[in-house]
Amino acid sequence: MTQKERKKRLEWEAQIQKSRVRAILNSYVPTDCQKIRDVLGLSTEQKPQSKEPISNEMLNLVFEILCNELEKLLTSEENNLAVIKELTTELKRLHAVLDKETIPPVATSENSGIPSSKNPISEQEKIKEKTKSLRERSDKPIGGQVGHKGTTLKKRDKVDIRLKIYPESETCPNCGAIIPRALFTEGERRQIIDICNDIVKTTEKVSMAAKCPVCGTVVKGQFGDLEGGNVNYGVNLKSIMTLLNNRHAMPYGRTVELLNNLTNLKISVGTVKNTIQTASDFSEKELETIVKNLLKPNSNFEFIHADETSAGSGRWLWVFGNGKMVIFVMTNSRSHNEILKKFPNGFPNKYLLTDRHTAYFTKEIVCLGHQICLVHILRNIKYYIDFFPKYEWPKRLYETVKTLMHVAKGLKDDVERKKLYDEYYPKILKLLAEPTSRDDLPSDKAVEYIENFKKGLIKHKDNFLTFLLAHIPDENNVSERALRMTKVKMKVSGVYRSDNGAIHYANLQSLVQTCRNDGDQNYYKTFVKLFQHTKIIQEIS
């Protein structure tokens, strides 16, 4: 959007806002207060009150207009005492009515946990293009830092084609003499790295057969399990299909289009679908290894991150990981029973790092303890700071939690961490127990919002500082990052059309994310190993 278009849109929104304010005034100021209606320039007929909820911003504009008109009357030399009295009474009445109708501001990606893709259109112009970050800006300059090692494209040792470039004219530009080719020597070298036009290789396998000279039994060579038809696609091509669809989020149709353009083959959508299903079936043993490694007692990974997100069409995608191993589970509900289907015994040797979703805190989910994500809490607090900018309580809670996280980062000693726990646990409890003052908030409804937020935090007061005593992370960003690719897939392909397709995606994504955490980002080779039945994930001893 250009600067001119943005200016026009803002002007248009301002006109709509003014008309809405006028409509609100016209509906709330009764007809018996005709003097006030004349001052505000309202019509003689009162309109019915709208059922649409009014935002805090709109309410502030209404009060601002009323207060401005009152101020004009007070500073006027004319005798407007009757109008002033009516206007003051109306302000009190309007305040009492709107007290009950105060609603929270629109939740956006800046003040809540919703993704930026779901920001309401009406709020997008108010949101900064750069996403807010909880990280403070450092004093380092932007760009490459002094002392960092740079990288560049390196020449390859193996050269397939070597071309010698001679001058267009083999005559000396200075004197015009002809220079014999024998005098030319090799000078500067430059390489061009490209792919071949004909990248398809056809291998024909012939089953050799022979009859036993003693008993007459026919013995012949057996084809592999991926060679069921007369003509089959090879492991490399199937790995590319799986890579494009799962890792790079390409739909079946576009995967087929790309491969057909590159190879001139007639690959069908059904072939890609069947290939993905085969890869998912082959990954079952690898997924069993991932689950075993997740649940095994390990001093380096005494915790499991968990999170869930909507996968469309009533499906939910869960992720469980420890920064090394990752397992995705596709389900049809958000209940704790879905966790028990995958982990029947819970997590008896692990701490669980999650948000405040109730499914993780049921008594059936066994674990060593819980740690709620403090980054989620900071985002929730930020929402109330934006909601009530004059109210100090959320600001103090925000600074307390943020300072705690910053100080705890550098502490390794158990004694020091215990001291920090003893220092901050009472502080947080005191803040949560602090009574909510009506004087600092605009309405009774606002008090209700703050009280509900406090109750939610008090419910998890013992899960705030577990990380200080157990040496586990204080946030759940690992799960958030693991789920990011799923949202990319949904943006590109929409929702999953079938339960099987959703499950296949979850299985293969588990393998991809685990390999990525292990430092192996050559996912093409990972899928080649999968189709060759080569072990990928090693079991932890």
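Draft legend 1. Highlighting helix 12 (residues 393-409). End to end, helix 12 covers 25 Å across 17 residues, agreeing with the expected 24 Å (1.5 Å per residue, within 8%). Taken residue by residue, helix 12 has Trp393, Pro394, Leu397, Tyr398, Thr400, Val401, Lys402, Leu404, Met405 and Ala408 as its buried positions. Buried residues belonging to helix 12 abut helix 11 (374-387), helix 13 (414-433), helix 14 (444-459) and helix 15 (466-470).

Draft legend 2. Layout of the sheet that holds strand 4 (residues 315-321). The strand order 5-4-3-6-7 describes an open sheet built from five strands, whose pairing is mixed. Edge strands, defined here as strands with exactly one partner in the open sheet, are strand 5 (326-331) and strand 7 (367-372). Here the strands of the sheet are splayed against their neighbours by 25 degrees on average, with no regard to which way each runs. Here strand 3 (residues 303-312) pairs with strand 4 via seven bridges, running antiparallel. Bridge pairing links Ser310 to Trp316 in strand 4.

Draft legend 3. Quick look at the packing of aromatic side chains. Enumeration according to the criterion identifies twelve aromatic pairs in this entry. Judged by centre distance (4.9 Å) and plane angle (45 degrees), the rings of Phe343 and Phe347 are tilted. For Phe347, a relative accessible area of 1% puts it in the buried group. Aromatic side chains Trp393 and Phe453 sit 6.3 Å apart centroid to centroid with 80 degrees between the ring planes, which places their arrangement in the edge-to-face category. With Trp393 in helix 12 and Phe453 in helix 14, this residue pair connects regions lying 60 residues apart in the sequence. Ring-pair connections join several aromatic residues into one group, and the members of that group are Trp318, Phe320, Phe343, Phe347 and Tyr360. Cation over ring: Lys427 sits above Tyr424, and NZ or CZ is 4.6 Å from the ring centre. It is Lys454 that lies over the ring of Trp393; its NZ or CZ is 4.6 Å from the centre.

Draft legend 4. Quick peek at the pairing of strand 5. In terms of burial, strand 5 is a largely internal element, six of the six residues being buried. Side chains of strand 5 alternate between two faces, with Val326, Phe328 and Met330 and Ile327, Val329 and Thr331 buried alike. Taking the residues that link successive antiparallel strands as the turn, the strand 4-strand 5 hairpin has four residues, and the phi of Gly323 there is positive, at about 90 degrees.

Draft legend 5. Focus on the packing of helix 6 (residues 235-247) against helix 7 (residues 252-263). One can describe the packing of helix 6 onto helix 7 by two numbers: an axis separation of 10 Å at closest approach and a directional angle of 135 degrees. Regarding the angle of helix 6 to helix 7, the classification is oblique. Classified by chirality, the crossing of helix 7 by helix 6 is right-handed. Residues Leu237, Ile240, Met241, Leu244 and Asn245 of helix 6 form the contact with helix 7, whose own contacting residues are Tyr252, Thr255, Leu258 and Leu259. Residue composition of the contact of helix 6 with helix 7, by class: seven nonpolar, two polar and no charged.

Draft legend 6. Seen up close, the nonpolar core. Within the largest apolar cluster, 43 residues are counted, with the highest numbers of intra-cluster contacts made by Phe388 and Leu465. Secondary-structure elements contributing two or more residues to this core are strand 6 (347-354), helix 11, helix 12, helix 13, helix 14 and helix 15. A per-element tally of this core places helix 11 first, with nine residues. Not counting residues within four places of it along the chain, the set of residues in contact with Phe388 comprises Leu441, Pro442, Ala446, Tyr449 and Ile450. Membership of the second largest hydrophobic core comes to 41 residues, among which are Val256, Leu259, Ala279 and Ile327.

Procedures and definitions
Residues numbered from 1 in each chain as written. Predicted model: local features only at pLDDT ≥ 70, side-chain atom pairs only at ≥ 80, totals over all residues. Heavy atoms only, no water. Helix = DSSP H or I, 4+ residues; strand = E, 2+ residues; numbered from the N terminus. Expected span 1.5 Å × (residues − 1). Buried < 20%, exposed > 50% of the residue type's maximum accessible area, 1.4 Å probe, protein only. Contact = heavy atoms within 4.5 Å. Pairing = 2+ DSSP bridges. Axes fitted to C-alpha atoms, helices over the stretch in contact; angles between N-to-C directions. Phe/Tyr/Trp six-rings, centres within 6.5 Å; stacked < 30°, edge-to-face > 60°. Lys NZ or Arg CZ within 6 Å of the ring centre and 35° of its normal. Parallel < 35°, antiparallel > 145°, perpendicular 65-115°, else oblique. Left-handed = near helix turned anticlockwise from the far one by under 90°. Nonpolar A, V, L, I, M, F, W, Y, C, P; charged D, E, K, R; others polar. Core = buried A, V, L, I, M, F, W, Y, C linked by side-chain atoms within 4.5 Å.

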